[in-house]
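Each chain, letter by letter, is given below.
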Amino acid sequence: MNRLLAACIAGVATVGFVGSAAAQNTDSKPTYDAELSGFEYAYPVERFTFSSQGQDLQMAYLDVPPDADNANGRTVMLMHGKNFCAGTWEGTIAELHEAGYRVIAPDQVGFCKSSKPQQYQFSFHQLAANTHALLGKLDVEQVTVMGHSMGGMLATRYALMYPEQTEQLVMVNPIGLEDWKALGVPYQNIDDGYQSELGKTAEGIRAYQKSTYYVNTWEPEYDRWVEMLAGMYAGEGKEQVAWNQALTSDMVFTQPVVHEFDQLQMPTLLLIGEKDNTAIGKTQAPKDIQKTLGRYDVLGEKAAEAIPQATLVEFPDLGHSPQIQEPERFHKALLKGLADK
C-alpha cells in the first residue's frame, strides 16, 4: 500500500473515504451517501481536487502501479459506464497489474465517489478535459484509453480531443454505437428523467442487469454491484445522485460520438458481447423502432468498419459486461489486443 500511496504528487490528495460508514435501512440493505462512503474499492482511493465551471470539485481515482520488476512502461486508463464505478473494474485492474501495466481508473464527476454538483454543464468534452487534467497531475504523457458502456463514448471523445496522447483506444460494449435520437427515440426531458431515477430500486436494477448485462443469467458476485448502485439511490443524498444521473443521461442521449468514428487516428480494439441489447430510451420508442435498437451483433461490425484501425473481437454468447460475466475469456482477449496494437 505504501508504494501505491507514494504515487501521489503535489495537488493530488490521498484521503480515506468521506463520511461515515454505510448505514442500514429497514430491509437490512446497505445505503450510501452521495459519494458512496463506506463502499470499499479493492484498491486505495485517491482524490484529485480542481476547479471547473467556477466550482471546487474532486475526482476520486485509483492509481495502481505495476511491480517494479514487471513494469512494461505502459499505462491504461479505465473509464467506467453510467451504472458502474472505478471500483467495478477491480478484476480488470488485477489482470493488467499482473501483466505489468500501470492502471488509472477515475470516478467521473457526477458519479460514485466523486463530486455531484447541483449545477454543471455535463458534456463528454468536459469530462475528458477533467480526466486530461488528472493525467497531467500524475505526469502521464501516453495512455491507452479503455472505456466500457458510457465510458466507451467518453473514451472516444478523449481520443478525439487528445490523439497525440492516446496510443490505443479500447471500447468494451460501448453505448453510442448508434444515434438513438436520429433513429426515432423520443427525447426525455431532464425533469422526467430525474423522477425516473428517483424510482430506481435494487430489484429493478437487478432485473435490468440480468436481462442486459448477463444474458438472463445471475451469479451471487453480481449482487455487490447492484448494492453499490442501489445503495446510493436509497441513502442520504439520493436526490443529488438522481439529479446527476438525469443530467448525465441527457448528455449521453444528446451528444453522440458515432458520427466521428472515422476520425480516430489510433489503433482501436473493440470487445463486444453480442447478446447486449442496450439502447438509451428504447422503452420510450415506438414498438417497430424498439426491435431495431441495441443490436450489438450488428453494431460491433458497423463500428469496426467505420474506425480506420479497428480490431473487432466478438463474444457471441455474452452481454453488456463481458469483463464481469466471463473474466478469464475476456481478459485473455484484452491482453492479446493490447500486445498486438
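One can find the structure itself at the top, above this paragraph.
Just so we're clear, the structure is a prediction, and the values are computed from it rather than from any experiment. (Residues numbered from 1 in each chain as written. Predicted model: local features only at pLDDT ≥ 70, side-chain atom pairs only at ≥ 80, totals over all residues. Heavy atoms only, no water.)

**Topic: the state of the cysteines**
- For the coordinates displayed, the defined rule picks out one disulfide.
- The disulfide partner of cysteine 85 is cysteine 112, and the gap between their sulfur atoms is 2.0 Å. One disulfide, between cysteine 85 and cysteine 112, carries an S-S torsion of -85 degrees and so falls in the left-handed class. Here cysteine 85 is found in the loop between strand E6 (75-79) and helix H2 (90-98), whereas its partner cysteine 112 is found in the loop between strand E7 (102-106) and helix H3 (124-137), with 27 residues between them in sequence. In terms of burial, cysteine 85 and cysteine 112 fall into one category: buried. (Disulfide = S-S within 2.5 Å. Helix = DSSP H or I, 4+ residues; strand = E, 2+ residues; numbered from the N terminus. Buried < 20%, exposed > 50% of the residue type's maximum accessible area, 1.4 Å probe, protein only.)

**Brief notes about the pattern of salt bridges**
- Tallied over the entire structure, the rule returns 12 salt bridges.
- With a shortest N-O distance of 2.8 Å, arginine 102 and aspartate 63 are connected by a salt bridge. Of this pair, arginine 102 sits in strand E7 while aspartate 63 sits in strand E5 (residues 55-64); the two residues are 39 residues apart in sequence, bridging distant segments of the chain. Each of the two residues, arginine 102 as well as aspartate 63, counts as buried.
- For lysine 336, the salt bridge identified is with aspartate 340, shortest N-O distance 2.7 Å.
- Put simply, Lys82, Glu197 and Lys200 are held in one network by salt bridges that share partners. (Salt bridge = Lys/Arg side-chain N within 4 Å of Asp/Glu carboxyl O.)

**Focus on the pairing of E5**
- Along E5, eight of the 10 residues are buried, which leaves the element largely enclosed by surrounding structure.
- Sheet topology places strand E4 (residues 46-52) next to E5; seven bridges connect them, and they run antiparallel. Paired with glutamate 46 across the bridge in E5 is tyrosine 61.
- The hairpin turn running from E4 into E5, its antiparallel successor, is two residues long, and glutamine 53 in that turn takes a positive phi close to 55 degrees.
- Where E5 and E7 come together, four bridges link them in antiparallel fashion. Looking across to E7, one finds that valine 64 is bridged to valine 103. (Pairing = 2+ DSSP bridges.)

**Considerations on helix H6 (residues 202-212)**
- Listed in full, the buried residues belonging to H6 are Ala202, Ile205, Gln209 and Thr212. Seen end-on, H6 carries its buried residues on one side only, within an arc spanning 115 degrees. (Arc of directions from axis to C-beta.)

**Some words on the side chain of arginine 47**
- When you line up the elements, arginine 47 lands in strand E4.
- Buried arginine 47, no salt bridge; nearest opposite-charge side chain is glutamate 35, N-O distance 4.4 Å.
- Polar contacts involving the side chain of arginine 47 include one to the side chain of glutamine 58, which spans 3.1 Å. (Lys, Arg positive; Asp, Glu negative; His and termini not counted. Polar contact = N/O pair within 3.5 Å; in protein donor to acceptor, adjacent residues only side chain to side chain.)

So far we have only geometry, and geometry alone does not tell us how the molecule works.
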